[in-house]
Amino acid sequence: MYPRALIPLEKTVKILDQTRLPGEMIYNEYDDYRDIIVSIKKLEIRGAPAIGIAGAYALAIAAHADVDTDVEHLKRILTDVATEIKNARPTAVNLAWAVDRTLNVAHAYGGDDKNEFCGHLWDEATAILKEDEELCAAMGRYGAELIKDGDTILTHCNAGALATGGMGTALAVIYAAHEQGKKIKVYADETRPLLQGARLTAWELQQAGIDVTLNVDSASGILMRQGRISCVILGADRIAKNGDVANKIGTFNVAVLARAHGVPFYVAAPYSTFDQNVNSGDDIPIEERSADEIVNWGGIRTAPEGIKVYAPAFDITPHDYVTAYITDKGVKPGGRED
Ligand code: MRU
């Protein structure tokens, strides 16, 4: 059983506060869409598919809140609320995808029964959650075919159960290979600055009984040079039409190292992460985070006062660094030529 990032209840959702992992496993219950937006911004819930699911439920919860409004007026209100939710984090397309999918259900509703209308929105959010669970399982099945007994996999950030509605994207492949009885090892980049690799991936894999070793981000070079890595598998926040990949900052560094060492570089992502509306990585908005996340750690100042900071949360890996994409429809070749 994998940890659940979000659990829907009746007109509320419980969100696992990932900022407190691995020390504490605490779920916060939300009945106001604005609190869910804050939860997404604070990275209580994070990971592309998971924030999409949270966004869809946020819209459904917003619909329930306006008790005195008729359906037609509510549709107009929800259009603005949807924009507010989508703006919470700009890079992962799954957020906009899931919110728009739920909003489309609202606009498609032709009746005037508010309860029925709200029920349709809630059901759509639940459909997105359930579907994501299946997409994860499918990526796991297809991706595990690439993994041999004895392989050692490097991953970056957290693309596991905590980031999705199911068993993860990149980590689904690892879970599936492990369940097939393959003896695999994983190296987890700690993933500065918010340590999703150390706090989340290392924790998740350890809970699942998978052999995982934590390393600082800058150790991925020596790991590959020493021949210790069979392949890299990680997730994505958005994949452009030409195959360029937006993912957690540091992904591109790993991709360059992988190409330099002839290590296959796999990106696992469901169809909801592929954005047909952007031609290349240059068109993907890159979220910048607060300088506070860089200059402080654990309440201790780690850089001089007044220092200038550059804090992109994601980077772009050009398609010619990608060996293959592990999708819910199968493994598709990337643009890398070796
Ligand atoms: O800032 P985060 O923690 O939301 O970043 C998450 C990532 O970059 C993941 O690798 C990506 O969303 C894929 S999750 C299946």
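Provided above is the structure to which this section pertains.
What counts as what
- Residues numbered from 1 in each chain as written.
- Predicted model: local features only at pLDDT ≥ 70, side-chain atom pairs only at ≥ 80, totals over all residues.
- Heavy atoms only, no water.
- Helix = DSSP H or I, 4+ residues; strand = E, 2+ residues; numbered from the N terminus.
- Expected span 1.5 Å × (residues − 1).
- Polar contact = N/O pair within 3.5 Å; in protein donor to acceptor, adjacent residues only side chain to side chain.
- Pairing = 2+ DSSP bridges.
- Axes fitted to C-alpha atoms, helices over the stretch in contact; angles between N-to-C directions.
- Contact = heavy atoms within 4.5 Å.
- Buried < 20%, exposed > 50% of the residue type's maximum accessible area, 1.4 Å probe, protein only.
- Near = heavy atom within 4 Å.
- Areas by Shrake-Rupley, 256 points an atom, 1.4 Å probe, with all protein chains shown as cover.
- Nonpolar A, V, L, I, M, F, W, Y, C, P; charged D, E, K, R; others polar.
- Domains from an automatic or database assignment.
- Left-handed = near helix turned anticlockwise from the far one by under 90°.

Colleague: Quick question: what am I supposed to make of helix α5 (residues 114–144) here?
Modeller: Every α-helical turn comprises 3.6 residues, leaving residues that sit three or four positions apart pointing alike. For α5, built from 31 residues, the straight-helix expectation of 45 Å at 1.5 Å per residue is met to within 8% by its first-to-last C-alpha distance of 45 Å. You can read the cap of α5 off the contacts: a side-chain oxygen lies 3.0 Å from the backbone nitrogen of Asn115, and it is on Asp113.

Colleague: What should I look at first to understand the sheet that holds strand β2 (residues 13–16) in this one?
Modeller: Two orientations exist for strands paired in a sheet by backbone hydrogen bonds: parallel and antiparallel. With antiparallel pairing, the three strands of this open sheet are ordered in space as β1-β2-β3. Looking at strand neighbours, the two that pair on one side only are β1 (6–8) and β3 (27–30), the edges of this open sheet. When the angles between neighbouring strand axes are averaged without regard to direction, this sheet yields 20°. In this fold helix α2 (residues 48–65) packs onto β1, β2 and β3, with an angle of close to 30° to the strand it touches most, β1.

Colleague: I'm lost on the side chain of Thr201 in this one. Help?
Modeller: Checked against the element boundaries, Thr201 lands in helix α7 (residues 196–207). Here Thr201 falls in the buried class, since its relative accessible area comes to 0%. At a separation of 3.1 Å, a polar atom in the side chain of Thr201 contacts the side chain of Asn158.

Colleague: Teacher, can you tell me more about the sheet that holds strand β9 (residues 245–248) here?
Modeller: Taken in spatial order, the three strands make up an open sheet running β8-β9-β13, and their pairing is antiparallel. If you trace the sheet from one side to the other, it starts and ends with β8 (238–239) and β13 (314–317), each paired once. In this sheet, β13 lies alongside β9 in antiparallel orientation, the contact comprising four bridges. Counterpart to Asn247 in the pairing with β13 is Asp315. Sitting on the sheet, helix α9 (residues 251–260) is in contact with β9 and β13, with an inclination near 30° to β13.

Colleague: Quick question: what am I supposed to make of the side chain of Ser220 here?
Modeller: Residue placement: Ser220 occurs in helix α8 (residues 220–225). Once you skip the residues sitting within four places of it in the chain, Ser220 turns out to touch Leu154, Asp189, Asn215, Val254 and Leu257.

Colleague: I keep staring at the site of the ligand and nothing clicks. Help me out?
Modeller: Inspection of the region around the ligand gives 19 residues, with Arg46, Arg89, Asp237, Asn247 and Lys248 positioned closest. At a separation of 3.0 Å, an oxygen atom of the ligand approaches a polar backbone atom of Gly47. Between the ligand and Arg89, the relevant distance is 2.7 Å, taken from an oxygen atom to a side-chain nitrogen or oxygen of the residue. Protein burial of the ligand: of its 410 Å² of free accessible surface, 100% is covered by the chains. Among the secondary structure elements, those contributing two or more residues to the shell around the ligand are α2 and β9. When its residues are assigned to classes, the shell around the ligand shows eight nonpolar, seven polar and four charged. When residues of the shell around the ligand are assigned to domains, at least three map to each of domain 1 (6–137) and domain 2 (146–333).

Colleague: Looking at this structure, I do not really get the packing of α2 against helix α3 (residues 71–86). What am I missing?
Modeller: Geometry of a packed helix pair, given as the angle between the helix axes and the separation of the axes. In the contact formed by α2 and α3, the axes pass within 10 Å of each other and the chain directions differ by 145°. Of the two possible hands of crossing, α2 and α3 adopt the one that is right-handed. Here Gly55, Ala58, Leu59, Ala62 and Ala63 of α2 come into contact with α3, specifically with Leu74, Leu78, Val81, Ala82 and Ile85. In the contact of α2 with α3, the residues fall into nine nonpolar, one polar and no charged.

Colleague: Sorry, what's going on with the pairing of β2 here?
Modeller: The side chains of a regular strand alternate between the sheet's two faces. Bridge analysis of β1 against β2 gives three bridges, and the strand direction is antiparallel. Pairing of Pro8 across the sheet is with Val13, part of β2. The turn joining β1 and β2, which pair antiparallel and follow one another in sequence, is formed by four residues; a positive phi near 65° is taken by Lys11.

Treat this as a map of the structure, not an account of what it does.
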